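Structural description and commentary
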Amino acid sequence: MAQDILPRRVWRSVSTRVARALAAPRVQLAAKAGLAAGIAFWVAPFMPGAAAHYAYYAPLGALVVMYENVAGSMRQGLQTLVGLGAGIALAFLLLSFGATPLSVGFVMALGILLAGLPRLAAGRDWIPTAALLVLLVGRQNPDDFSFGYLLQMGVGVAVGIAVNLLVFPPLHFNAAALSLAEFRLSLARQLQDMAEAMHEKWPPEHEDWSRRSEDLAQSARSVRAAVQKADASREANPRRRFHPRDVDKDYRTVRQLEQITFHIQDMTEVLADVIWNEDMPFTIPLPHSEPLAEAIAAVGEVLRSAEEDDDDRQAELYQAARSAVAALEDRTASEDSEAGTPSAAGSILLSLHRILRVANPSSR
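Read on for an overview of the structure. The model shown is predicted, which means the values in this text are computed figures rather than measured ones. (Residues numbered from 1 in each chain as written. Predicted model: local features only at pLDDT ≥ 70, side-chain atom pairs only at ≥ 80, totals over all residues. Heavy atoms only, no water.)

Another aspect to go through is the overall build of the chain. In terms of helices and strands, the chain carries 13 helices and zero strands. Put simply, the chain runs from its N terminus to its C terminus through helices and strands in the order α-α-α-α-α-α-α-α-α-α-α-α-α. Counting all 364 residues of the chain, 43% fall into the buried class. Contacts in the chain between residues far apart in sequence, at least 24 positions, make up 79% of those at least 6 positions apart. As displayed, the chain offers around 19,700 Å² of accessible surface, 58% of which is attributable to carbon and sulfur atoms. (Helix = DSSP H or I, 4+ residues; strand = E, 2+ residues; numbered from the N terminus. Buried < 20%, exposed > 50% of the residue type's maximum accessible area, 1.4 Å probe, protein only. Contact = heavy atoms within 4.5 Å. Areas by Shrake-Rupley, 256 points an atom, 1.4 Å probe, with all protein chains shown as cover.)

With 14 residues, helix H13 (residues 345-358) should cover 20 Å at 1.5 Å per step; its first-to-last C-alpha distance of 20 Å lies within 8% of that length. Of the positions making up H13, those classed as buried are Ala-345, Ile-348, Leu-349, Ser-351, Leu-352, Ile-355, Leu-356 and Val-358. (Expected span 1.5 Å × (residues − 1).)

Another point: unusual backbone geometry. The residue Phe-168 is not glycine, and still its phi comes out positive at about 45°. Along the chain, Phe-168 falls in the loop between helix H7 (142-166) and helix H8 (173-199). One non-glycine residue, Ala-236, lies in the positive phi region at around 60°. Looking at the element boundaries, Ala-236 is found in the loop between helix H9 (213-234) and helix H10 (247-276).

Moving on: H9. Owing to its 3.6 residues per turn, the α-helix brings residues three or four apart onto one side. Look at H9: 33 Å from first C-alpha to last across 22 residues, which is about the 32 Å you get at 1.5 Å a residue. Looking at H9, one finds that the buried residues are Ser-213, Leu-216, Ala-217, Ala-220, Val-223, Ala-226, Val-227, Ala-230, Asp-231, Ser-233 and Arg-234. Contacts from the buried residues of H9 go to H8 and H10. Of the residues trailing H9, Ala-236 is marked for its positive phi of about 60°.

If you trace the backbone, Ser-351 turns up in helix H13. Look at Ser-351 and you get buried, because its relative accessible area is 4%.

As a further point, take the nonpolar core. Formed by 53 residues in total, the largest nonpolar core has its most connected members in Ile-260, Ile-284, Ile-296, Ile-348 and Leu-352. Breaking this core down by element, the ones donating at least two residues are H8, H9, H10, helix H11 (286-308), helix H12 (311-334) and H13. Beyond its immediate stretch of four places on either side in the chain, Ile-348 contacts Met-267, Val-270, Leu-271, Ile-284, Leu-292 and Ile-296. (Core = buried A, V, L, I, M, F, W, Y, C linked by side-chain atoms within 4.5 Å.)

Attention now goes to the environment of Glu-301. With respect to the secondary-structure elements, Glu-301 resides in helix H11. C-alpha separation for the pair Glu-301 and Gln-314, spaced 13 residues apart in sequence, amounts to 8.8 Å. Look past the residues within four positions of Glu-301 in its chain and what remains in contact with it is Gln-192 and Leu-317.

Attention shifts here to the side chain of Thr-253. Structurally, the position occupied by Thr-253 is in helix H10. Here Thr-253 is in contact with Leu-180 and Arg-184, once residues within four sequence places are set aside.

Going through the model one piece at a time under the given rule, you end up with seven aromatic pairs. Centre to centre, the rings of Tyr-54 and Tyr-56 are 6.3 Å apart; their planes meet at 75°, and the pair counts as edge-to-face. A residue is classified by how much of its surface remains accessible, and Tyr-56, at 46% relative accessible area, is partly exposed. On the basis of an interplanar angle of 50° and a centroid distance of 4.8 Å, the ring pair of Tyr-56 and Tyr-57 is categorised as tilted. Three or more aromatic residues link up through ring pairs in this structure, and these residues are Tyr-54, Tyr-56, Tyr-57, Phe-145 and Tyr-149. (Phe/Tyr/Trp six-rings, centres within 6.5 Å; stacked < 30°, edge-to-face > 60°.)

Turning next to the environment of Leu-328. On the secondary structure map, Leu-328 appears in helix H12. On the basis of relative accessibility, which here comes to 0%, the residue Leu-328 falls in the buried class. When the C-alpha atoms of Leu-328 and Glu-290 are compared, they prove to be 9.0 Å apart, with 38 residues separating the residues in sequence.

This is a description of form; function is not addressed.
Have a look at this one:
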C-alpha cells in the first residue's frame, strides 16, 4: 500500500511543478523567445562583411534579453553588450602579449575582477566568456570574429527587445493583486484558527496554527516581491496606459500587511507558549478565554471582509471588532489573574489593538 502511495505523491508533485512551469506568463515568454530567435536568425545573414558568417550568435542575443519585463530586457541587453565589448578588449590585450599560460591566467583573472563591477549585473558573466570565445573560436581571424560576434549579438538584442516591447509586453498587476488578497485571507485564517483553539479543551487538539509563524513571514516576503515585480513591469511598457493601477497603494498595503503579520506572529508565539510551554510563567485565565476568542475572531473577520465584503459591511465588522476588543479590555481590567500567575491576555490585547489600527477600512 505504501508503495502505491509514494508514486502517487511523486506524480502529484511532478504534475504541480509542470503546471507551474507551463503557466500563462511562462508560455507567453517562451513563445516570444522563439519568435525573437527566429526573426534574429532570419535577419542575421543580411549583416555586412564577415558578420554574415556568424549568424548563429543573433538568436543567442535575442534569448539573452528575453526578460519578464520590458525595462529588464533593455537593461539586460545593454549590460550584455558592454560585457561583450569588455571581454573582446581583454582578448585583444592577450593576443598582443601572446597566448601563454601566464598571459591567459592574467587576462582571465582581470576579467573576473571586471565582472565584479556592480553596474554590469547581467553583463559580468560575458566578460571572461567573450574573451575565451575570441581566443578559442576566432583565434585565426580575431578581427572578423570579434566584429561579427558583437554585431550579431547586438542584432539579436535589438530584435529581442523589440519583440518583448511590441508583442504583449507583460504586466504583472493581476499576480500582485491576487497575492495581496490571498495573503490577507491567510492572515484572517490564522486568527480564526487561534480563536477556535481558545474554544477547545486545553491543550487544543489542533495545533497547526502554532507552527505557521515562519510561513507567514515567507508569505509576506513573497507578496512584496510580487508587488515589486508588478512595479518593474510598468517601466517602458506601452500597455500601462490601458491598464492603470495604483502600485503605490499596493506598496502601502504590503507595509500594512507586514505590520499585521508581525503582530499575528507575536500573538501566535505568546498563545503557543502559554498552551504548551510548561516553563512559561504566564497563563490565560479561564474567564478571559471566551472574550479573548471572540475578540481574535472578530479581528480576523475584519481582515477577511477587506477582500470579500462591501464597504458598509467592512465598516460594520470593524466596529464589531472594536467592541469585542473593548469588552476583552474591560474584562481583563476588572478581574484579577489566577493567584501568583500573571495573565498573557494583555499582550494579545495590545496586538489586537495594533492590528485594528492598521486594518481600519478608512485608512485604506
